[in-house]
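Structural overview
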Amino acid sequence: MSQVFSEETHRNLLSRIPQCTGREVSDWLRTVDDGPALFRFEEKVNWLRGAHQLAYGHAKAIIHEHDLRRAARKLL
């Protein structure tokens, strides 16, 4: 079962991603866009962790942010 992060925790994780990974969040979001067409959240998290050796929390924050932004684009 996956953890549910608060909005504050999510924002804190996102803010630390560049320092911890050496890449900006926008770069990671493009990586997810260019990655395999996976449907389930945990599949995407596991792919990002395995392919890029990210910590679980960082991978989850990136995928969550990707999903949030994709949903926002659909509303426009």
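Residues numbered from 1 in each chain as written. Predicted model: local features only at pLDDT ≥ 70, side-chain atom pairs only at ≥ 80, totals over all residues. Heavy atoms only, no water.

1. A few points about the overall build of the protein
Summing up its helical and strand segments, the protein has four helices and zero strands in all. At 12 Å, the protein has a C-alpha radius of gyration in line with the 11 Å of a compact globule built from 76 residues. Dimensions of the protein, computed from C-alpha atoms along their principal axes, come out at roughly 30 × 30 × 25 Å. Counted over contacts in the protein with a minimum sequence separation of 6, partners at least 24 positions apart contribute 51%. Only carbon and sulfur atoms are counted for the fraction: they give 53% of the accessible area of the protein, which is about 5100 Å². (Helix = DSSP H or I, 4+ residues; strand = E, 2+ residues; numbered from the N terminus. Rg over C-alpha atoms; globule rule 2.2 N^0.38 Å. Contact = heavy atoms within 4.5 Å. Areas by Shrake-Rupley, 256 points an atom, 1.4 Å probe, with all protein chains shown as cover.)

2. Quick look at the packing of helix H3 (residues 41–52) against helix H4 (residues 56–75)
Their axes nearest at 9 Å, the elements H3 and H4 cross at an angle of 130 degrees. With respect to their mutual orientation, H3 and H4 come out oblique. Remark: the crossing between H3 and H4 carries right-handed chirality. Contact with H3, carried on its side by Phe-41, Glu-42, Lys-44, Val-45, Leu-48 and Arg-49, involves Tyr-56, Ala-59, Lys-60, Ile-62, Ile-63, His-64, Asp-67 and Arg-70 of H4 and no other residues of that element. Class assignment of the residues belonging to the contact of H3 with H4 gives a composition of seven nonpolar, one polar and six charged. (Axes fitted to C-alpha atoms, helices over the stretch in contact; angles between N-to-C directions. Parallel < 35°, antiparallel > 145°, perpendicular 65-115°, else oblique. Left-handed = near helix turned anticlockwise from the far one by under 90°. Nonpolar A, V, L, I, M, F, W, Y, C, P; charged D, E, K, R; others polar.)

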